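Report on the structure
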Amino acid sequence: MKKLTVNGVEHELELPDDVPLLWVIREEIGLTGTKFGCGAALCGVCTVHVDGEPKRACVTPVGDVWGLAITTIEGVSDIALAVQRAWIEENVAQCGYCQPGQIMSAAALLKKRPKPTDEDIDAVLSANLCRCGTYQRIRMAVHRAARDLANAATPETPTPEGPAAR
Ligand code: FES
Ligand code: FES
């Protein structure tokens, strides 16, 4: 038995090391938010975080990640929740299939670059393929999430009477 921690929950599994992480997440653990697309690290729809870094789960053997912390779209952090809210506000999704991977990649980008430029966003998110062409709205949503996170991190400036007095 080996241990895999997914979204903070430890799972004991008896599996060959070469089984793709995506299969383990979907078939063994039953979390189906992470999708299968190309199976060849080309489309990004299977993106999860491994110890905070984005990884293509379809080409990551589970043997490489025993004992590491896996986060899927179901186990999002504050950043990814802010991204999800921004996605809704900007009405990003069309068919929706690519969107869990887009959100996981956007969350990883915002963790590294809290104020990404258009170029930063395009460089990361263009590697996640969207057949519906939602890239313009993805860009707007990433900027919105960055603004929301920055505002949430800035404490309200107290007035002499206190923050509530206006
Ligand atoms: S299914 Fe993993 S990159 Fe396409
Ligand atoms: S929203 Fe349809 S593939 Fe991206």
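See above for the structure.
Okay, so let's go over this structure. (Residues numbered from 1 in each chain as written. Chains lettered and ligands numbered in written order. Predicted model: local features only at pLDDT ≥ 70, side-chain atom pairs only at ≥ 80, totals over all residues. Heavy atoms only, no water.)

Let us now look at the packing of helix α4 (residues 118-125) against helix α5 (residues 135-153). Two numbers describe how α4 lies on α5: the axes approach to 10 Å, and their chain directions differ by 125 degrees. Between α4 and α5, the angle is such that the two are oblique. Judged by the sense of rotation from one axis to the other, the crossing of α4 with α5 is right-handed. Seen from α4, the contacting residues are D118, I121, D122 and L125; seen from α5, they are Y135, I138, R139, V142 and H143. A breakdown of the residues in the contact of α4 with α5 according to their chemical character gives five nonpolar, one polar and three charged. (Axes fitted to C-alpha atoms, helices over the stretch in contact; angles between N-to-C directions. Helix = DSSP H or I, 4+ residues; strand = E, 2+ residues; numbered from the N terminus. Parallel < 35°, antiparallel > 145°, perpendicular 65-115°, else oblique. Left-handed = near helix turned anticlockwise from the far one by under 90°. Contact = heavy atoms within 4.5 Å. Nonpolar A, V, L, I, M, F, W, Y, C, P; charged D, E, K, R; others polar.)

What follows covers the pairing of strand β1 (residues 2-6). For β1 and strand β2 (residues 9-13), the ladder comprises five bridges, and the chain directions are antiparallel. Along β2, the bridge assignment pairs K2 with L13. Relative to strand β5 (residues 69-71), β1 is paired through two bridges, and the arrangement is parallel. When the sheet's bridge partners are listed, T5 is paired in β5 with A69. (Pairing = 2+ DSSP bridges.)

Our focus in this paragraph is the packing of aromatic side chains. The description of two aromatic rings rests on the distance between their centres and on the angle between their planes. Counted according to the given criterion, the structure contains one aromatic pair. Residues W23 and F36 carry aromatic rings whose centres are separated by 5.4 Å and whose planes lie at 80 degrees to one another, so their mutual orientation is edge-to-face. Placement of W23 in helix α1 (residues 21-28) and of F36 in the loop between α1 and β3 (47-50) is noted, with a sequence separation of 13 residues between them. Under the relative-accessibility criterion, W23 is labelled partly exposed at 40%. Under the relative-accessibility criterion, F36 is labelled partly exposed at 37%. (Phe/Tyr/Trp six-rings, centres within 6.5 Å; stacked < 30°, edge-to-face > 60°. Buried < 20%, exposed > 50% of the residue type's maximum accessible area, 1.4 Å probe, protein only.)

Time to look at the layout of surface pockets. Put simply, the largest pocket is a space of about 230 Å³. Lining the largest pocket are 17 residues; nearest its centre among them are C43, Y97, C98, L129 and R131. Among the residues forming the lining of the largest pocket, the class breakdown is nine nonpolar, seven polar and one charged. Here the lining of the largest pocket spans two domains, since at least three of its residues come from each of domain 1 (2-75) and domain 2 (78-153). Every residue lining the second largest pocket is listed: H49, G52, T71, V76, S77, I79, A80, M104, A107, A108 and K111. Contributing elements (two or more residues each) for the lining of the second largest pocket: α2 (78-89) and α3 (99-112). (1 Å grid on protein atoms, 1.4 Å probe; cavity = no way out; pocket = protein on both sides within 12 Å on 5 of 7 lines; lining within 4 Å. Points joined across faces, edges and corners; volume = space filled by probe spheres on them. Domains from an automatic or database assignment.)

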